[in-house]
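Tertiary structure, described
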Amino acid sequence: MAVENVMKLIKEKNVEFVDFRFISLLGQAHHITLPATEVDEETFVNGVAFDGSSLPGFRGIEESDMVMMPDPESAYMDPFTAHPTLIVMSDIYTPDGQRYERDPRSIAQKAEEYMQKSGVGTAAFFAPESEFFIFDDVRYESTMNSSSFSVDSEEAAWNSNRKEEGGNLGFKVRVKGGYVPVAPTDTQQDIRSEMVRLMQESGLRVERHHHEVATAGQAEINFRFDTLTKTADNLMKYKYIIHNVARQYGKVATFMPKPLFGDNGSGMHVHQSIFNEGEPLFYEKGGYGNLSQMALYYIGGILHHAPALLAITNPSTNSFKRLVPGYEAPVNLVFSKGNRSAAVRIPVAAVTPKGCRIEFRTPDSTANPYLAFAAMLLAGLDGIKRKIDPTALGYGPFDKNIYELSDEEKKEIRSVPGTLDEALDALEADCDFLTESGVFSKDFIDNYVALKRSEAKAVAIRVHPHEYSLYFDC
């Protein structure tokens, strides 16, 4: 959408406010809202000023002035505001007109530009499957003398004996028993349908929605693939709509990877492929999973760099509570067709040449999508560039259920890091594939690692309630 079309839209929709948004290092959207009467074509040339020093890891107070440069292609109407409001995503620039090297959206764009300049292809497509929970209630605290959390859901298995107004009518979702049941077990059909309706109104092409495996309201909505930066924009839109529809229904949605102990967590399985002038480069009839050699090299890059990648694709301490065996978590660094216990899966059901793709199943939605998609693309491109053969390196193909292997057989399989600190160690040791292209700077990596280590330390030094169960009466 050209700038003139945005101005026309403002008039056609009687827009009263324009909401300019940017993305922080942690993957959260922030915004500054201008009356529509203060927005003209010059706004898209000169940008919107803001203070970058108030965001973690972003900018020092001595150099805090930053500029949002709006992207007219990203404009859509906010479906929640009382006053007609147009949302526009923005890139971040310094006051002297330079792209800010810590701006996640600019990093995503640079990754796409690097791929095109490398001659590998003209477009990289991404499609995340971002799972989430819808709870009725959440409470938590972490203070000097108290640490606790509590969530609740009318669907939860633990509420089968709860007294409820009008009587407990049963049909609770069993632990690991929530995959695509119909009503009355699935109580969230209407709320998910409303989310989908607003996503469609906001420009997303939604393919399906359903209840997921875990008890207590786990869900998934799938939207159509697009190019890297556009998909990251779409995921931010997706999360915004899910959070706010849940709020309208008196509920709360979370993308936290492991909010419940003892049941499946929420992942963000990321489907990826590369095209050249409309032709799919990952397809080759007769190859393993109908994959081309290029696709296998791409997989090799993903699996080879996976320990470092996880510092960006799984960037929370809670991420690694999901990545444990037994809960459909892809902890094994192997590839396979149709096998959900592998870190990289090759979808084979109802796949056409243009739909041929690889699926990296390890990431979760605490990731900043702009950084995560860029890092995955660079890892895959490094695999193509260096011809990293996943089969020669022992990454598969592996078509068995890995969870049922003997301990001796499992010794031959590499696993993901066990903690955020381990993943950060791996990133420090293996970041050349991110920096040598100029997409990520060394300053960005150092700053990012320091920020994430501070999070890991904050969790590590706090007293955990389960420690009282183990040690209080010693």
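Residues numbered from 1 in each chain as written. Predicted model: local features only at pLDDT ≥ 70, side-chain atom pairs only at ≥ 80, totals over all residues. Heavy atoms only, no water.

The helix and strand tally for the protein chain stands at 14 helices and 18 strands. Relative to the 2.2 N^0.38 estimate, which gives 23 Å for 474 residues, the radius of gyration of the protein chain is 23 Å and therefore close to what a compact globule would have. Dimensions along the principal axes, computed over C-alpha positions, put the protein chain at roughly 65 × 60 × 50 Å. Classification of the 474 residues of the protein chain by burial places 53% in the buried group. Within the protein chain, counting contacts between residues at least 6 apart in sequence, those at least 24 apart form 68% of the total. (Helix = DSSP H or I, 4+ residues; strand = E, 2+ residues; numbered from the N terminus. Rg over C-alpha atoms; globule rule 2.2 N^0.38 Å. Buried < 20%, exposed > 50% of the residue type's maximum accessible area, 1.4 Å probe, protein only. Contact = heavy atoms within 4.5 Å.)

If you check the domain split of the protein chain, you get domain 1 (3–99) and domain 2 (123–460). The gap between the C-alpha centroids of domain 1 and domain 2 is 29 Å. Each side of the interface is counted separately: domain 1 has 18 residues, and domain 2 has 20 residues. Across the domain 1/domain 2 interface, buried area totals approximately 1,500 Å², and carbon plus sulfur atoms make up 67% of it. When the area that domain 1 buries against domain 2 is broken down by residue, the three leading residues are Leu25, Tyr76 and Phe80, summing to 44%. In this structure, the connection of domain 1 to domain 2 is made through zero salt bridges. (Domains from an automatic or database assignment. Buried area = accessible area lost by both parts, 1.4 Å probe. Salt bridge = Lys/Arg side-chain N within 4 Å of Asp/Glu carboxyl O.)

What follows covers the nonpolar core. Core analysis: the largest hydrophobic core is formed by 122 residues, its most contacted members being Met195, Tyr238, Ile274, Leu377, Leu427 and Phe440. No other element matches the 12 residues that helix α9 (residues 369–386) contributes to this core. Counting contributing residues, this core receives three or more from each of domain 1 (3–99) and domain 2 (123–460). Phe133, Phe135, Ala214 and Ala216 belong to the second-largest nonpolar core, a separate cluster that totals seven residues. (Core = buried A, V, L, I, M, F, W, Y, C linked by side-chain atoms within 4.5 Å.)

Our next topic: the packing of aromatic side chains. With the rule as written, the count across this model stands at 18 aromatic pairs. The interplanar angle of 85° and the centroid separation of 5.3 Å between the aromatic rings of Phe125 and Phe225 together place this pair among those described as edge-to-face. Residue Phe125 is found in strand β7 (residues 123–135), and its partner Phe225 is found in the loop between β11 (218–223) and β12 (226–227); the two are separated by 100 residues along the sequence. Where Tyr238 meets Phe255, the ring centres are 6.1 Å apart and the plane angle is 55°; that geometry is what we call tilted. Highlighted residues: Tyr238 in helix α5 (residues 228–248) and Phe255 in the loop between β13 (252–254) and β14 (268–276), separated in sequence by 17 residues. (Phe/Tyr/Trp six-rings, centres within 6.5 Å; stacked < 30°, edge-to-face > 60°.)

Quick look at the pairing of strand β1 (residues 17–23) now. Burial within β1 is extensive, with six of its seven residues counted as buried. Bridge count between β1 and strand β6 (residues 85–93): five bridges; the pairing is parallel. Within β6, the residue paired with Phe17 across the bridge is Thr85. In this sheet, strand β2 (residues 29–35) lies alongside β1 in antiparallel orientation, the contact comprising seven bridges. Paired with Phe22 across the bridge in β2 is His30. Counting the residues that bridge the hairpin from β1 to β2 gives five residues, and of these Gly27 lies at a positive phi of roughly 90°. (Pairing = 2+ DSSP bridges.)

Compared with an ideal rise of 1.5 Å per residue, which puts 15 residues at 21 Å, helix α3 (residues 104–118) spans 21 Å between its outermost C-alpha atoms and is within 8% of the ideal. For α3, the full list of buried residues reads Pro104, Arg105, Ser106, Ile107, Ala108, Gln109, Lys110, Ala111, Glu112 and Met115. Taken from the residues just after α3, Gly119 is the one with a positive phi, measuring 85°. (Expected span 1.5 Å × (residues − 1).)

On to the packing of helix α7 (residues 306–313) against helix α11 (residues 420–429), then. Packing of α7 against α11 leaves a shortest axis separation of 7 Å and a crossing angle of 115°. Crossing hand, α7 versus α11: left-handed. Where α7 abuts α11, its residues Pro307, Ala308, Leu310, Ala311 and Ile312 lie against Ala423, Leu424, Ala426 and Leu427. Of the residues contributing to the contact of α7 with α11, the split by class is nine nonpolar, no polar and no charged. (Axes fitted to C-alpha atoms, helices over the stretch in contact; angles between N-to-C directions. Left-handed = near helix turned anticlockwise from the far one by under 90°. Nonpolar A, V, L, I, M, F, W, Y, C, P; charged D, E, K, R; others polar.)

Now for the environment of Asn159. With respect to the helices and strands, Asn159 occurs in the loop between β9 (147–152) and α4 (189–201). Sequence separation between Asn159 and Ala246 is 87 residues; the distance between their C-alpha atoms is 21 Å. Setting aside its immediate chain neighbours within four residues, Asn159 contacts Asp152, Ser153, Glu164, Asn168 and Lys172.

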